[in-house]
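Residue-level structure breakdown
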Protein chains: 2
Amino acid sequence: MNLTATIVTIGDEILIGQIVNTNATYLSKELDSLGFKINEVVSVADTQEAIRNVLSRVNGTADLILLTGGLGPTKDDVTKKVFCDFFNDELVQNPEVLMHVTMLLENYYKRPISEVNKLQALVPSKAIVLKNRVGTAPGMLMKSGNTFFVCMPGVPYEMETIFQEELVPFVKENLVKEYNIHRTIMTYGVGESLLAEFLQEWEDGLPNDVSLAYLPSPGSVRLRLSVHGTDYDLLEKKIQDLVDLLPNEVLKYVVSFQDEGIDKNIAKQLLNLQKSISFAESFTGGVLTQLFASVPGASAYFNGGVVTYATQSKIDVLGIDETLICKEGVVSEAVAIEMARNAKRLFKSDFAVATTGNAGPTKGDLNVPLGTVFIGIATPEVVFAKEFNLGQPREKVVQEAVSKGLLMVYEEMLKNK
Amino acid sequence: MNLTATIVTIGDEILIGQIVNTNATYLSKELDSLGFKINEVVSVADTQEAIRNVLSRVNGTADLILLTGGLGPTKDDVTKKVFCDFFNDELVQNPEVLMHVTMLLENYYKRPISEVNKLQALVPSKAIVLKNRVGTAPGMLMKSGNTFFVCMPGVPYEMETIFQEELVPFVKENLVKEYNIHRTIMTYGVGESLLAEFLQEWEDGLPNDVSLAYLPSPGSVRLRLSVHGTDYDLLEKKIQDLVDLLPNEVLKYVVSFQDEGIDKNIAKQLLNLQKSISFAESFTGGVLTQLFASVPGASAYFNGGVVTYATQSKIDVLGIDETLICKEGVVSEAVAIEMARNAKRLFKSDFAVATTGNAGPTKGDLNVPLGTVFIGIATPEVVFAKEFNLGQPREKVVQEAVSKGLLMVYEEMLKNK
């Protein structure tokens, strides 16, 4: 039997779509890796009634129930009061939290504690306090029957800090250890339906306790195998045996046997080869660059990127010949090739990827149809570009071009081995 | 009385945290703007049992219930079957959908329809089909009592296309029109608690039907006023009257009276002034550049950006003097100033923002403490840089530096007026 968890995220800003609920994603992923089966993720309003109702409904349905949001010092934050009332408890001032809040304000904001801030030190008398090292609102843990309830603030880095530093050790000590094993196989360049046809026989032969999911996105499909149990090694072997049986017609589209985008494979390959990469982007607007820049330690293989959004910048910054642009058009094979070549030279990198295209939503003054893009690749051996017609909407064009650009440069790297 | 809606997103990839649930955000925002009160957003597994249970639980609790996910052609997608069974209906082949899928595959994928693809044309016999112009899985609408149920695929651009082209017209025709009015006031450079103190009297005087929320993030706090009703003009006036009463000590931190980041104000200001901007980024890794590049039409004021991640690229691409870097350190006021100056020159822009810093998570070989950053600003009149100590974690350092850089350049633009 799985340990189960339910995640409750509180806040009108989620229900009206003002923010993306990344806290839910973070907690889902972490709880899954701790071996929990997540029953549901639910978002409710930050009213006393909505919070009370959801607490009553989910009480007893899971081993662990996590709540986030509504713990701020302002009047719209009511979670703590409802949480406390739900357990018929009363709020008391916690001296350790008071000390922590006082120090944090003095050291970081350079001002004394206010009456509003002091409210942050109130916690239910029976709660275990989960220290918030990086903020003022502490986490709180209570038990009801066999269910642990945990309340955490909604500010992502505060919630993550409490979760990792306080809750993970508690869970490991107090709840039984089980495992969810997922293996995600990344394919590029093949559609979901065709993949399903190739896999039909293999899929029919999967054991009952192994589940398979297809996760399509523009340019790639992820296949995820999942299994749950108590013997880690046995579960790993079970999954590996199935992966080993994947048919050849599928394997040729696989770029990774882990849940990693092709960018991670490229990073590894660059480290192996002791080579570097750079980017020159137009309509992809820095998506490729940021994909590499957001990884700590990327400086070992990522030299940088340039977003030449204005045509004039392609001339000024990348040194593209103005007459070439006039003759061929800014969205052309020739310009994509020059962008890649010049990025490689400018950043002194071994590989470079360049994008130029008409992503829409309107045709603008470009002389190519909506969705037409060129991707340029420069390697130590060659420079070339390919044309793609990626249709619409803009979001799909950008995502699919990013996928294709990465796949193109990765294939060149494999030749380079 | 509000019209109410509930959003159900289906898929293990959400529950195990493999994807961020942006569909929920999109639908929440759109339903809110159509006048719905969203009761809850819930994510469940893609098993028949989980889908059946959630359908039973939410049935009758809202006027509109939207489901997304699990409509693909592969075996792990079971939503359509459960949806159909829930209404005691049977699946029948829809000739229009069959024709559409056939054409799409022939025109876009250049291959004939397969048996797996043909399954996409099956819909419950009593369903209203919502055409999916950009994909193979159609949307489906059913009525049970006073509740409308809608099933849509989980691929974001397919779901969005069906929602806008098919569902919005249906809702406008068949459900009464009411309004949610939100006004979000963006403040930069003041903490949540201090803001609450300044607002105490004003907040105590808010009418009962107006709600106020504080939404803090690193470097900025959003204040959101919300009200619901049937008379749009009256609601707008009610909110405006309250905004007009905001105390002066708060107004000085306000950069916008709409739910827009300061980047949108900068864009407007640049358009007004007919000036342009560019970026030179180090630890922010392209976040500033992408913020501007992702807006269609940005080419009128955004020239481009360069991410000089490697120190060598600061020398090669931005032309920073190597001896200056050796003398002052790569994270220094002098280097931030040169980066801004050179970005402005390179991209021929009127303004430029540059970032260099030690965002962590480890100190690396930099000679400054973790969290130390310098932000450089170049304008038609001046070039300068400021130092900030933004602590940790990395995510907060990047976000707060982006906020501060934008605020700094915006303040210079206002002087430039």
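About the cut-offs
Residues numbered from 1 in each chain as written. Chains lettered and ligands numbered in written order. Predicted model: local features only at pLDDT ≥ 70, side-chain atom pairs only at ≥ 80, totals over all residues. Heavy atoms only, no water. Pairing = 2+ DSSP bridges. Helix = DSSP H or I, 4+ residues; strand = E, 2+ residues; numbered from the N terminus. Axes fitted to C-alpha atoms, helices over the stretch in contact; angles between N-to-C directions. Contact = heavy atoms within 4.5 Å. Buried < 20%, exposed > 50% of the residue type's maximum accessible area, 1.4 Å probe, protein only. Least-squares fit on C-alpha atoms with pLDDT ≥ 70 in both. Arc of directions from axis to C-beta. UniProt positions renumbered as here; feature names shortened; annotations may be inferred. Salt bridge = Lys/Arg side-chain N within 4 Å of Asp/Glu carboxyl O. Expected span 1.5 Å × (residues − 1). Phe/Tyr/Trp six-rings, centres within 6.5 Å; stacked < 30°, edge-to-face > 60°.

Hydrogen bonds between backbone groups are what pair the strands of a sheet, and the pairing can be parallel or antiparallel. Residues and elements named next belong to chain A. Strand order in this open sheet of four strands is β10-β11-β9-β12, and the pairing throughout is antiparallel. Of all strands in the sheet, those bounded by a partner on one side alone are β10 (211-217) and β12 (254-256). Taking each pair of neighbouring strands and ignoring which way they run, the sheet shows an average axis angle of 30°. Bridge count for strand β9 (residues 179-188) against β12 is two bridges, and the pairing is antiparallel. Bridged to Thr187 within β12 is Val254. Sitting on the sheet, helix α9 (residues 232-244) is in contact with β9 and β11 (220-229), with an inclination near 25° to β9.

What follows covers the environment of A:Leu175. All names here are of chain A. Residue placement: Leu175 occurs in the loop between α7 (156-174) and β9. In this structure Leu175 comes out as buried when scored by relative accessible area, which is 14%. Each C-alpha atom, one on Leu175 and one on Ile337, is 57 Å from the other, the two residues being 162 residues apart in sequence. Not counting the four nearest positions on each side in its chain, Leu175 is found in contact with Leu3, Phe36 and Phe148.

All right, on to the relation of the copies chain A and chain B then. Expressed as a screw transformation, the operator carrying chain A onto chain B has a rotation angle of 180° and an axial translation of 0.0 Å, and the superposed copies differ by an RMSD of 0.1 Å. This pairing of chains is accounted for by a two-fold axis. A shared interface surface links the copies, since 100% of the contact residues of chain A are contact residues in chain B too.

Turning our eyes to something else, we now look at helix α3 (residues 48-58) of chain B. Residue and element names in this part refer to chain B. The complete set of buried residues in α3 reads Ala50, Ile51, Val54, Leu55 and Val58. Along the axis of α3, the buried residues cluster in a sector spanning 130°; they form a single face. Tucked into the core, α3 has its buried residues touching β1 (3-10), β2 (36-44), β3 (64-68), α4 (79-86) and β8 (147-152). Count one or two residues on from α3 and you reach Gly60, which has phi positive near 85°.

With that settled, the discussion passes to the UniProt feature "domain: MoaB/Mog" (unreviewed entry) in chain A. UniProt feature "domain: MoaB/Mog" (unreviewed entry): in the numbering of this structure it lies at residues 6-174 of chain A. Secondary structure over residues 6-174 of chain A splits into 43% helix and 24% strand, and the C-alpha atoms at its two ends are 17 Å apart.

Turning our eyes to something else, we now look at the side chain of A:Ser349. Note on placement: A:Ser349 falls in the loop between α15 (333-346) and β15 (351-357). When sequence neighbours within four positions are dropped, the list of residues in contact with A:Ser349 reads A:Ser276, A:Ile277, A:Ser278, A:Asn303, A:Ala343 and A:Lys344.

Per the stated rule, a full pass over the model turns up 32 salt bridges over all chains. In this structure, the salt-bridge partner of B:Glu40 is A:Arg57, at a minimum N-O distance of 3.9 Å. Of this pair, B:Glu40 sits in strand β2 while A:Arg57 is found in helix α3 (residues 48-58), placing the two residues in two different chains. Residue B:Glu40 is classed as buried on the basis of its relative accessible area of 11%.

Moving on, we get to helix α16 (residues 394-415) of chain B. Along its 22 residues, α16(B) runs 32 Å from first to last C-alpha, staying within 8% of the 32 Å computed at 1.5 Å per residue. Judged by how many residues are buried, α16(B) sits mostly within the fold: 16 of 22 residues are covered.

A few words now on the packing of aromatic side chains. As enumerated under the stated definition, the model contains 22 aromatic pairs over all chains in all. Taking 5.3 Å as the distance between ring centres and 80° as the angle between the ring planes, the aromatic pair formed by A:Phe87 and A:Phe149 counts as edge-to-face. In this pair, A:Phe87 sits in the loop between α4 (79-86) and β4 (91-93) while A:Phe149 sits in strand β8 (residues 147-152), placing the two residues 62 residues apart along the sequence. A residue is classified by how much of its surface remains accessible, and A:Phe149, at 0% relative accessible area, is buried. Ring centres of A:Tyr309 and B:Phe302 lie 5.3 Å apart, and the angle between their planes is 50°; this geometry places the pair in the tilted category. Placement of A:Tyr309 in the loop between β14 (302-308) and α13 (311-316) and of B:Phe302 in strand β14 (residues 302-308) is noted, with the two residues assigned to different chains. Its relative accessible area of 0% is what places B:Phe302 among the buried residues.

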